[in-house]
Amino acid sequence: GTSFPGAVGELSSNSDNLVNLIVENYESISSTILPILKTVPEGIKVDHVANCPDGSANKDGGCDSVPILGSASFKFTVTAEQCLENPDQVVIEFTGFGQVILDISTLCQCECGSFSDKEGSSEICNGNGEFQCGVCVCDDQHSGEFCECQNADKGDVDQCRYGNTTIECNSAGHCVCGKCFCSGEIFGKYCECDVSDCKKGSNGLVCSGTGTCECEEGVGAECKCEEGWSGKDCSCTTDTSSCMFNGKICDGAGVCECGKCKCNSSNIEGKYCQKCNFCNRCDLYKNCTVCVAGTRTINPKDPDECESCNIAYNVTAYTETPDNINQDNVKICGFESDDNCQYEWHYIPGPEDQTRNLLFVNLNVDCDTSINILWVIIGVILAVVVLGIFIICLWKCITTYKKEKSTDCDSALIPLL
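Below is a short write-up of the structure. As the structure is a computational prediction, the values presented were derived from the model and not from experiment.

**Details of the pairing of strand E12 (residues 173-176)**
Pairing of E12 with strand E13 (residues 179-182), which is carried by four bridges, proceeds in the antiparallel orientation. Each bridged residue has a counterpart across the sheet, and for Gly173 the counterpart in E13 is Cys182. Adjacent in sequence and paired antiparallel, E12 and E13 are bridged by two residues, among which Cys177 carries a positive phi angle near 55 degrees.

**Notes on the layout of surface pockets**
By volume, the largest pocket amounts to about 320 Å³. Asn51, Glu185, Val195, Ser196 and Lys200 are, among the 14 residues lining the largest pocket, the residues nearest its centre. Of all the elements in the fold, those that place two or more residues in the lining of the largest pocket are strand E2 (44-51) and strand E4 (73-80). Of the residues assigned to the lining of the largest pocket, the class counts are five nonpolar, five polar and four charged.

**With respect to the side chain of His48**
Mapped onto the elements, His48 comes out in strand E2. Within polar-contact distance, the side chain of His48 engages the backbone oxygen of Gly61 at 2.8 Å. Beyond its immediate chain neighbours, meaning those up to four positions away, His48 contacts Pro35, Asn58, Lys59, Asp60, Gly61, Phe74, Lys75 and Phe76.

**Observations concerning a nonpolar patch on the surface**
On the surface, Ile373, Ile377, Ile381, Val385 and Ile389 cluster together into a nonpolar patch covering about 470 Å² of accessible area. Relative to the helices and strands, Ile373 resides in helix H5 (residues 373-413). Residue classification places Ile373 among the exposed positions, given a relative accessible area of 57%.

**Here we look at the environment of Ala253**
Examined against the element boundaries, Ala253 turns out to sit in the loop between strand E21 (248-249) and strand E22 (254-257). Considered as a pair, Ala253 and Ser265 are 12 residues apart in the sequence and their alpha carbons are 8.0 Å apart.

**Points about the environment of Lys189**
For Lys189, the location among the structural elements is in the loop between strand E14 (186-187) and strand E15 (193-194). On the basis of relative accessibility, which here comes to 56%, the residue Lys189 falls in the exposed class. Separated by 20 residues in the primary sequence, Lys189 and Cys169 have C-alpha atoms spaced 8.0 Å apart.

**A closer look at the state of the cysteines**
All told, the structure shown has 12 disulfides when counted by the stated rule. Disulfide pairing is shown between Cys198 and Cys213; the S-S distance is 2.0 Å. The S-S bond linking Cys198 to Cys213 shows a torsion near 85 degrees; that makes this disulfide right-handed. Of this pair, Cys198 sits in the loop between E15 and strand E16 (211-216) while Cys213 sits in strand E16, placing them 15 residues apart in sequence. Look at Cys198 and you get buried, because its relative accessible area is 4%. Free cysteine Cys393: the closest other cysteine sulfur is in Cys397, separated by 6.7 Å. Overall, Cys393 belongs to the partly exposed group, its relative accessible area being 43%.

**Details of unusual backbone geometry**
At Asn170, a position not held by glycine, the phi torsion is positive, near 55 degrees. Locating Asn170 in the fold gives a position in the loop between helix H2 (155-158) and E12. Positioned with a positive phi, Ser171 is a non-glycine residue whose angle comes to about 60 degrees. Looking at where Ser171 falls in the secondary structure, it is placed in the loop between H2 and E12. Taking relative accessible area as the criterion, Ser171 reaches 64% and is therefore assigned exposed.

**Regarding the pattern of salt bridges**
Taken as a whole and judged by the stated rule, the model has four salt bridges. Among the salt bridges present, the one from Lys45 reaches Asp47, with a minimum N-O distance of 3.9 Å. Taking the relative accessible area as the measure of exposure, Lys45 reaches 39% and is therefore partly exposed. A relative accessible area of 22% means that Asp47 is categorised as partly exposed. Residue Glu222 is joined to Lys224 by a salt bridge in which the shortest nitrogen-to-oxygen separation is 3.2 Å.

**Some thoughts on the environment of Phe97**
Its place among the elements puts Phe97 in the loop between strand E5 (88-94) and strand E6 (98-104). For the pair Phe97 and Ile33, spaced 64 residues apart in sequence, the C-alpha separation works out to 8.1 Å.

**A closer look at the side chain of Asp233**
Positionally, Asp233 belongs in the loop between strand E18 (229-230) and strand E19 (236-237). Nearest to the buried, unbridged Asp233 among oppositely charged side chains is Lys199, at 8.5 Å. Other than its neighbours up to four places away in sequence, Asp233 contacts Lys199, Lys200, Gly201, Cys207, Ser208 and Cys223.

**As for the sheet that holds E6**
Pairing within the open sheet is antiparallel, and its three strands lie in the order E1-E5-E6. Each of the sheet's edge strands pairs with one partner strand only, and the pair in question is strand E1 (35-39) and E6. Each strand axis lies, on average, 25 degrees off the axis of its neighbour in the sheet, ignoring direction. When E1 meets E5, the two strands line up antiparallel, connected through four bridges. In the sheet register, Pro35 faces E5, and the bridge partner there is Phe94.

The rules behind each value
Residues numbered from 1 in each chain as written. Predicted model: local features only at pLDDT ≥ 70, side-chain atom pairs only at ≥ 80, totals over all residues. Heavy atoms only, no water. Pairing = 2+ DSSP bridges. Helix = DSSP H or I, 4+ residues; strand = E, 2+ residues; numbered from the N terminus. 1 Å grid on protein atoms, 1.4 Å probe; cavity = no way out; pocket = protein on both sides within 12 Å on 5 of 7 lines; lining within 4 Å. Points joined across faces, edges and corners; volume = space filled by probe spheres on them. Nonpolar A, V, L, I, M, F, W, Y, C, P; charged D, E, K, R; others polar. Polar contact = N/O pair within 3.5 Å; in protein donor to acceptor, adjacent residues only side chain to side chain. Contact = heavy atoms within 4.5 Å. Patch = residues over 30% accessible without salt bridge, like charges linked within 9 Å, V, L, I, M, F, W, Y side chains within 5 Å. Areas by Shrake-Rupley, 256 points an atom, 1.4 Å probe, with all protein chains shown as cover. Salt bridge = Lys/Arg side-chain N within 4 Å of Asp/Glu carboxyl O. Buried < 20%, exposed > 50% of the residue type's maximum accessible area, 1.4 Å probe, protein only. Disulfide = S-S within 2.5 Å. Lys, Arg positive; Asp, Glu negative; His and termini not counted. Axes fitted to C-alpha atoms, helices over the stretch in contact; angles between N-to-C directions.

Given below as structure tokens:
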């Protein structure tokens, strides 16, 4: 009969959970696929690898928690370690799914010495060789499994050998007319790559279903991702829309990897790297604060800046301090503009379910309109200096004029003497 894995459950005192125990253990058994070697002849070795829906590969094991309509694949390798005198069977039983029977026999030697065993110019060998002991032995001008290739110097066979090796098709296929035909999931120009070397995603698909398994010479099999995907298993999206915060990738404090933010510093945290324990980001909101407060003394060359404030940040303007900014995580900022106006604002790192920080702008802008005594004193001094220079220049001009006038009169009296 069929054997099942052991199942243990605790029965309540009144046995009212008996049905539930039976159902739970049945579901556990029915979702498990486990191959059991029932019959293996002496001298035969059987190994297997279980490829499960969760992407795991279990050597000589099974698969648990296989969902309804789910599937698992098993790769068996049967090795004859000695010759069998007679044909025999390997019986493999899958728990709850029945049996698989393999008929095996070994061909350890052939009696091919007699002439009668040879078929010259055989049709099987395309007339280009002898059919001996079940295989074609080609003449000097041909090669291939059925002597179908014209290859007097065996050059086509060399095309199936990688580098300086003498092994054709990496012993994982056969060479036909200079081209390797690989076995099973082996592929590549020289059958040097295996599909199992390409990573599977969490969905159990090779390259996550968003890439192809390709063979690169000298490297092996690896996933080549489709546009918009990256990673060894092509499971990482290159789309950064899920990392946007305050209109920037990861709030400008991190990088977007696989659709998630990776912050630049251990001081920065949060889903969008929007929380910084020891950062001062007051300057980040300065221009927007001035816009909201109703003046344009800062950065006047950017006419689109004010319009973008409400897009980049969740802005609240106030004249009376709101209750929700009296919190521990509130950052208080302020500065004095060139026109002696005092601005004040607060910001709070946005919640995880939002993509913008909270910005609170105080509309009570205090602009100093009083007269600055220092500038008055400086102005008076400058005025006195300028006035003094002017008086000196005027006096100089008058004295020079009088002197020149006196000289002209003295010149006119000389002829009368």
